[in-house]
Amino acid sequence: MATQTATPTRAKQSLTVDEKIQKMRELYADAPEIGKAALENGLPQLTEALAAPSAQQTAGRIGLRQGKVSELCVFLPFVEGGAKRLRAFLQLLEGNFRAADAVGTVHDMRFVFVDNDTKLLFATAYDGDFDPYIEDFAAKIPNAMDLWLCNCEGYPGMRNPAAAADWIASHQIAAEAWYVNSPNLTGAETRRLEKVGKALDELLDKIGD
Amino acid sequence: MATQTPSATTPRGDAAVEPKIQTLRELYADAPQLGRDALEKAMPNLKRELAAGTGAQNAGRIGARQGKVSELTGIFPFATPAGANRLRVLLQFLDGNFKLADAVGTVHDMRFVFLDNDTKLLFCTAYDGEWDAYIDDFATKIPDALDLLFCDADGWPGIRNPKIKDWIVGHQIAAQAWYVGNPNLTVAETRRLAKVGKAVEELLDKIA
């Protein structure tokens, strides 16, 4: 699995919209027929998107960020017996990740077993930058992290947070593109808004009575 | 491939939790030392998690769901190196501007990751509701964008092709576990709440 140590630099941002469109036409000239047709049909929207200012930032050490929300995607090789152990553990948990609730900065996370159970794909959406995020996990839920990740090769343990962060970064592959629908809301802000919404509904109910 | 079946969401008693704890102890008996220690230290929290009702549902045809939010994870080989290059340049030019995903209105997040020396694309997304409805939505609302993005995946039949769903399922890997921080909010509800929050603040400002 290819690993990248840094977010790829965004190339050719100095081009004008017309130059970008021209480049797209050249690139898609030998694309499959479906792609060529899609380029022509989608040209008005594409032109608009290419004219928009950059909406992509980095999450610090590695990974992309959009607004307040970042992405982390790692492929971690399992130790012998590790895949079986983690699978059984996750099945027993049945989606109950109170430990992640306790961290409070996790928007979502998935555990996917790939390459015949030889690797774990872990992908998450989280608030802020890479290093504070890992430090947060190390401070708040070291045991839960150790229970998951002890099944992966070379894991140094969350009580060694600097080494754990290096280890994670070394297995991470930065996304080439990252989209977040509500990029200006952290997990905590969304939870607060949920309460505001509920309180407002109750208020309106009272006025309506 | 994980398969999930919906089940009761009521909390469980000690009688149901004990055998699970026993299973975990057996599983972690030959784990690395780090894991064995963690199991003992995490036991109080683990008991609470194992006693909770299930938090895992499925997204219909394939994939996991938690509350209102589902996951789709797919690994798609590129047909040619030129195809990988085409998509990379397109994504770099777009520079994070996915207004068409805004238009679909059910996408929480999505990422494009290039794997194995640019021979494969990993696509992961978090979205609202059920798998079939989600794919239908894309096909109806932004077919050209989908074809532009995925035409270089090996075997892509086209979003308008009736075979498209089977093709996606063939490349999707259901997550073994899936967590959502705010599982009860759809994209539309979150957007609405952001407006409500702003309006309430303005109201409070006026009162002050």
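Residues numbered from 1 in each chain as written. Chains lettered and ligands numbered in written order. Predicted model: local features only at pLDDT ≥ 70, side-chain atom pairs only at ≥ 80, totals over all residues.

A. Expanded view of the packing of helix H2 (residues 33-41) of chain A against helix H6 (residues 143-150) of chain B. Where H2(A) meets H6(B), the closest approach of the two axes is 8 Å, and the angle between their N-to-C directions is 135°. Judged by the inter-axis angle, H2(A) sits oblique to H6(B). Between H2(A) and H6(B) the crossing geometry is left-handed. Along its contact with H2(A), which presents A:Ile34, A:Gly35, A:Ala38, A:Leu39 and A:Asn41, the element H6(B) presents B:Asp144, B:Asp147 and B:Leu148. (Axes fitted to C-alpha atoms, helices over the stretch in contact; angles between N-to-C directions. Helix = DSSP H or I, 4+ residues; strand = E, 2+ residues; numbered from the N terminus. Parallel < 35°, antiparallel > 145°, perpendicular 65-115°, else oblique. Left-handed = near helix turned anticlockwise from the far one by under 90°. Contact = placed C-beta atoms within 7 Å.)

B. A look at the domain arrangement of chain B. Per the domain assignment, the segments making up chain B are domain 1 (14-54) and domain 2 (64-171). Taken over C-alpha atoms, the centre of domain 1 of chain B sits 37 Å from the centre of domain 2 of chain B. (Domains from an automatic or database assignment.)

C. Structural context of the sheet that holds strand E1 (residues 57-58) of chain A. Strand order in this open sheet of six strands is E1(A)-E2(A)-E3(A)-E5(A)-E4(A)-E6(B), and the pairing throughout is antiparallel. Of all the strands in the sheet, just E1 of chain A together with strand E6 (177-180) of chain B have a single pairing partner and so form its edges. Note: strand E4 (residues 106-114) of chain A against strand E5 (residues 119-127) of chain A, eight bridges, orientation antiparallel. Residue pairing for E5(A): A:Val114 is matched across the bridge by A:Lys119. (Pairing = 2+ DSSP bridges.)

D. Expanded view of the pairing of strand E4 (residues 107-115) of chain B. Counting buried residues in E4(B) gives nine out of nine residues, a clear majority hidden from the surface. Judged from the four bridges that link them, strand E6 (residues 177-180) of chain A and E4(B) form a sheet pairing that is antiparallel. Residue pairing across strands places A:Trp178 opposite B:Arg111, the latter belonging to E4(B). Looking at chain direction, E4(B) and strand E5 (residues 120-128) of chain B are connected through eight bridges and run antiparallel. (Buried ≥ 20, exposed ≤ 12 C-beta atoms within 10 Å, placed from the backbone.)

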